[in-house]
Amino acid sequence: MKLKLLYCFITIFISFSALASTVRKDTVVNGNDGNGTLSGTVTDKANNTTIPGATVSIPDLRTGSITDANGKYTITNLPKGIYLVQVSFVGYATFNQRVDLSKTSILNVQLQNSTIEAAEVVITGVSKATEIKRDPVPMAAVSKTYIDQHSASTNVIDEIANLPGISAVTTGPNVSKPFIHGLGYNRVVTLEDGIRQEGQQWGDEHGIEVDQNSIDRVEVIKGPASVSYGSDAIGGVVNLLTAPPVDNGKILGSFAGDYGTNNGLINGSLRLQGNQNGFVWGTVVSGKAAKDYQDQHDGRVYGTGYQEKDARIMLGVNKNWGYSYFNASLFDDEQEIPDGSRDSLTRKFTQQVTDADTYRPIVPDNVLNSYSITPLHQHVQLYRIYNNSNFTLGSGNLIVNLGYAYSHRREYTHPTSPDIAGLNLHLNDYTYDVKYNFNLGNDFETTFGVNGQYQNNTIGDATDFPIPAYHQFDIGPFFVMKKTFGKLDLEGGARFDSRSITSQSAYISIDTTGNHYPALYTGPNPTGTPNVTQQFQGFSKTFTGFTGSFGGTYNFSDKFLVKANVARGFRAPNIAELSANGPDPGSKIYHVGNTDFKPEFNVQTDVGAFLTLPNVSASIELFDNELQNYIYQQQDLNADGSPVRNPAYPQYTVFSYVQNKARIAGGEFFLDLHPRPWLHFENSMTLTYGTNLGNGGPVADSLKHLPFIPPMHTHSELRGTFAKGFGSFKNTYAFVGFDHYDPQNHYFAAYGTETYTSGYNLISAGIGGNLVNANGNTVLKIFVEGTNLANKNYQSNMSRLKYFDNPTVPAGIQPGIFNMGRNISLKIVVPFDLSKNQDKKG
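Residues numbered from 1 in each chain as written. Predicted model: local features only at pLDDT ≥ 70, side-chain atom pairs only at ≥ 80, totals over all residues. Heavy atoms only, no water.

1. Observations concerning the overall build of the protein
What counts, and what does not: The helix and strand labels rest on DSSP assignments: H or I over at least four residues marks a helix, E over at least two residues marks a strand, and numbering proceeds from the N terminus. Computation of the radius of gyration draws on C-alpha atoms, with the globule rule given as 2.2 Å multiplied by the number of residues to the power 0.38. Relative accessible area decides the class of each residue, using a 1.4 Å probe on protein chains only: under 20% of the type maximum gives buried, over 50% gives exposed, and in between gives partly exposed. By definition, residues are in contact when any of their heavy atoms lie within 4.5 Å. All accessible areas in this document rest on Shrake-Rupley with a 1.4 Å probe, and a residue is counted as covered only by the protein chains that are shown.
A tally of helices and strands in the protein yields five helices and 47 strands. Here the protein has a C-alpha radius of gyration of 27 Å; the compact-globule value for 842 residues is 28 Å, and the two agree. Principal-axis analysis of the C-alpha atoms places the extent of the protein at approximately 85 × 55 × 55 Å. Buried positions account for 57% of the 842 residues belonging to the protein. Taking the contacts inside the protein whose residues are at least 6 apart along the sequence as the reference set, 67% of them involve residues at least 24 apart. Accessible surface, the protein as shown: approximately 33,100 Å² in total, 58% of it carbon and sulfur.

2. Points about the sheet that holds strand β5 (residues 82-88)
Remark on secondary structure: sheet strands pair via backbone hydrogen bonds, oriented parallel or antiparallel. This is how it is decided: Two strands pair if DSSP finds at least two bridges between them. Structural elements are reduced to axes, namely lines fitted to C-alpha atoms, with helices fitted over the stretch in contact, and the angle between N-to-C directions of any two is expressed from 0 to 180 degrees.
The sheet built from four strands is open, its strands ordered β3-β2-β5-β6 with antiparallel pairing. The sheet terminates laterally at β3 (63-66) and β6 (95-100), the two strands that pair on one side only. Taking each pair of neighbouring strands and ignoring which way they run, the sheet shows an average axis angle of 20 degrees. Both strand β2 (residues 55-58) and β5 contribute to a ladder of three bridges, which runs antiparallel. Residue pairing in the sheet places Val56 in a bridge with Val87 of β5.

3. Quick notes on unusual backbone geometry
Backbone geometry at Asn525 places phi at a positive 50 degrees, although glycine is not the residue there. Relative to the helices and strands, Asn525 resides in the loop between β32 (519-521) and β33 (532-536). Its relative accessible area of 48% is what places Asn525 among the partly exposed residues. With a phi angle near 55 degrees, Phe708 is a residue other than glycine that sits in the positive phi range. Mapped onto the elements, Phe708 comes out in the loop between β42 (679-694) and β43 (713-722).

4. Regarding the environment of Glu334
Looking at the element boundaries, Glu334 is found in strand β24 (residues 322-336). When the C-alpha atoms of Glu334 and His377 are compared, they prove to be 6.8 Å apart, with 43 residues separating the residues in sequence. Look past the residues within four positions of Glu334 in its chain and what remains in contact with it is Gly305, Tyr306, Gln307, Ile373, His377, Gln378 and His379.

5. Some words on the pairing of β5
Strand residues, when the strand is regular, have side chains that alternate between the two faces of the sheet. By the criterion of burial, β5 is predominantly enclosed, with five of the seven residues buried. Two elements, β5 and β6, share six bridges in a ladder whose sense is antiparallel. Bridging from a neighbouring strand, Tyr83 pairs with Val99 of β6. What sits between the antiparallel neighbours β5 and β6 is a turn of six residues, in which Gly91 has the positive phi angle 90 degrees.

6. Details of the packing of aromatic side chains
Our working rule: Think of it this way: a Phe, Tyr or Trp ring, Trp meaning its six-membered ring, pairs with another when their centres are within 6.5 Å, and the plane angle makes it stacked under 30 degrees, edge-to-face over 60, tilted otherwise. Think of it as a cone above the ring: NZ of Lys or CZ of Arg counts as a charge over the ring if it is within 6 Å of the ring centre and within 35 degrees of the ring normal.
Following the criterion strictly, the structure yields 27 aromatic pairs and no others. Taking 6.2 Å as the distance between ring centres and 40 degrees as the angle between the ring planes, the aromatic pair formed by Tyr430 and Tyr454 counts as tilted. On the criterion of sequence distance, the pair formed by Tyr430 in strand β27 (residues 423-440) and Tyr454 in strand β28 (residues 444-458) is long-range, its members being 24 residues apart. According to the relative accessible area criterion, Tyr430 is partly exposed, its value standing at 24%. One aromatic cluster in this structure is built from Tyr436, Phe438, Phe448 and Phe479. Its end group placed over the ring of Phe444, Lys483 keeps NZ or CZ at 5.3 Å from the ring centre.

7. Quick word on the pairing of β43
When β42 meets β43, the two strands line up antiparallel, connected through eight bridges. Bridging across to β43, Glu682 finds its partner in Glu717. One ladder, built from 10 bridges, connects β43 with strand β44 (residues 729-741); its direction is antiparallel. Of the residues in β44, the one forming a bridge with Thr721 is Tyr733.

8. Structural notes on the pattern of salt bridges
The condition that has to hold: For this document, the term salt bridge refers to a Lys or Arg side-chain nitrogen within 4 Å of an Asp or Glu carboxyl oxygen.
Applying the stated criterion to the full structure yields 33 salt bridges. The closest approach of N and O atoms between Lys250 and Asp833, which form a salt bridge, is 3.3 Å. Separated by 583 residues along the polypeptide, Lys250 in the loop between β17 (236-242) and β18 (251-260) and Asp833 in strand β47 (residues 823-833) bring together distant segments of the chain. The exposure class assigned to Lys250 is buried, which follows from its relative accessible area of 7%. When salt bridges with common partners are traced through the structure, they connect Arg62, Glu192, Asp193, Arg312 and Arg384 into a single cluster.

9. Quick word on the side chain of Lys802
The test is simple: Charge assignment: positive for Lys and Arg, negative for Asp and Glu; neither His nor the chain ends contribute. Under the rule applied, a polar contact is a pair of N or O atoms within 3.5 Å (in protein, one hydrogen donor and one hydrogen acceptor; residues adjacent in sequence only if both atoms are side-chain atoms).
With respect to the helices, strands and loops of the structure, Lys802 is situated in the loop between β46 (778-787) and β47. Of the side chains with opposite charge, Glu754 lies nearest to the buried Lys802, which makes no salt bridge, at 7.8 Å. Looking at Lys802, its side chain comes within polar contact range of the side chain of Tyr803, at 3.4 Å. If sequence neighbours within four positions are ignored, Lys802 has contacts with Thr755, Tyr756, Thr757, Gln795, Ser796, Asn797, Pro815, Gly816 and Ile817.

10. Remarks on the sheet that holds β17
The five strands are arranged β10-β16-β17-β14-β15 in an open sheet whose pairing can be described as mixed. Whereas interior strands pair on both sides, the edge strands pair on one side only; in this sheet they are β10 (139-142) and β15 (195-196). Of the strand pairs in this sheet, β10 and strand β16 (residues 215-221) are connected by four bridges, and their pairing is antiparallel. Bridge pairing in β16 places Ala140 opposite Val220.

11. Some details on the side chain of Glu219
Looking at where Glu219 falls in the secondary structure, it is placed in strand β16. Side-chain polar atoms of Glu219 contact the side chain of Arg217, separated by 2.9 Å.

12. Describing the environment of Pro710
Within the element layout of this structure, Pro710 appears in the loop between β42 and β43. Each C-alpha atom, one on Pro710 and one on Ile767, is 29 Å from the other, the two residues being 57 residues apart in sequence. Apart from the residues within four sequence positions on either side, Pro710 is in contact with Ser167, Gly182, Thr688, Gln744, Asn797 and Met798.

13. Examining the environment of Ala734
When you line up the elements, Ala734 lands in strand β44. What makes Ala734 partly exposed here is its relative accessible area of 30%. Between the C-alpha atoms of Ala734 and Arg568, which are 166 residues apart in sequence, the distance is 42 Å.

Following this line, the structure appears as structure tokens:
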């Protein structure tokens, strides 16, 4: 089956390339269409000296170049049309300008020295590449430089979790789920190169199945993005972007290695890319392994080690008719499952050794310090193939994104039968996204499109069944328009979504002798067969909804602007919320869903003001998010206040999904003082408040706050950046960071679901740079980062491990598992160039 699908996508890829090439041959470029090449020289405006190593990019076309020793660049195989060209270099103000490539083949750029370098451009959720400051929708973006300098982050989501408005729910170092303004799971869409990332997002105990070593850039939409991305984008979007192609005639690569002192993390990767006259290719192969992490309070935390293997390949063509890239990737993660059980006297971690679980021995030190994966673990695999294509068609661009992913998730939870999976889910996901970008009338940037997905999930050979088998189909036509009226940028759009979901009935065979595990019953007459019970009732549901957004940015000057945006989002309930009726071994929770749920809708209002002066940058962004039919989990309790436990699974506590009105509001504040071009003192504060509004009646105090709402967070960072460096070290940097988290006393206290979390302060620091040879070529990149340098004992309210412990904890002991202690990461990157002609550019 997978080979057939692979063949199908290869055929589509070749067909797209051949078709587009034929179209362009039939419509010969005339004298006004340009020659498919953009070249020029980048110089310093103050003294007219050339700037080698500057980056020249065209984000919409995912192509670009690096200026040579003489400051010259050439980009070939360009289509006609108007595209944003960006030129950047450390210590200079970024140059952004829209260029008509049908009329312009030479573009010389003068960069001006500036303490402010960034003028971030995004391609996520917009018709064409757009400067963040000019788009009314709140966004954030980080580059490869930022990712490398934060190498102590153990997964791609942790790398962005410290940005204002963004956080993550974690289950140990390698499991992080993105949260934006207090919303996560199926309320945030994660993309890789614009393709939806699907893999049971409703689950707590596994992270985003993406190799962090393959990501060069991350773009985040902080608010409803349902107009462009449909259901589940009610809270926002995280787009993980892989590396763009290298210069024509180049074959470039790098070896990267990363070591973390806390859990002995070993992370290595090989990257190789080439470009020969527009035929582009690339590959990334990675592997990482870690022992159990440690903190002063707990020592080494049993069940937090992991081993991950990743590989990806890209083949494509980049011509004057557009581009078409075919990608295939493999993600393979074995992740231990912590449960927090401890010896009542010593408080050392214990391990389950029998299914009956009547006795747990203390975990030996050699096991805690081992890279070997324990018998109780989860195995998550994701195979993906996808195609990104952009064709010049008429006066616009036809963009086609197609993807297929197969997710196989298993949890091994039987100590005496370690080869039998407790949980075994198979998800096949097909995504499609087709849209046409063009200028309508008098320069109205317009996009019409349709996108969606088809999913088919089976529950396989297993012993635990939290969700049924189901299939789902999403479709949503939409349009987005943008127009600039002098200093005013306006943008709006609308969409209609439909999601149809059908689940299958399921029956479970239970062996009353105890010699066999529960199993899925597939025989005849299930209702009349002894020891067979119904686990799930089949159902068929369709959810629909209209969404829209409208906003504007007014540029009073190039130094001050204001923004405002109103957006309505839509989210259909996921399969777990609708029909869950079973245990999840990784979380030790017995989930109970409700098929009567309605879809969620929200209306979010965002306003912001941005000031950019020569030595000061400041901004304030406020948001108010009103949610209808908000779905969340709450713990079931007995009359005496004790947790309800399912009789068939006494070690699991029961959590039921419920639905209410809710409101999440807050803001982000940013201040950057940069008295010298090389010196920045950055400060930010994020406030998020979540309120349960109930369903019309009074709401008890224990119910009035929403779960997983981050506390007030401030971040201060003193950073020095030295482009010219010191001696043989260039592009050097150093920073010291301080993070403060307020106590979280606004928590979902009902039923013991959440508890008070104390405040804490964390100190971090980093240093690094590039080692160059006599010719000025980089031979080594070094990145060092330390986190929690004071080795603070703390618990984050966003960590699920905070609630992992024995049912009864001795008086005076803080229950739960603490977050990671001091960690120092050393990352080394060795670049290499296999090009036949080292001086060849363009």
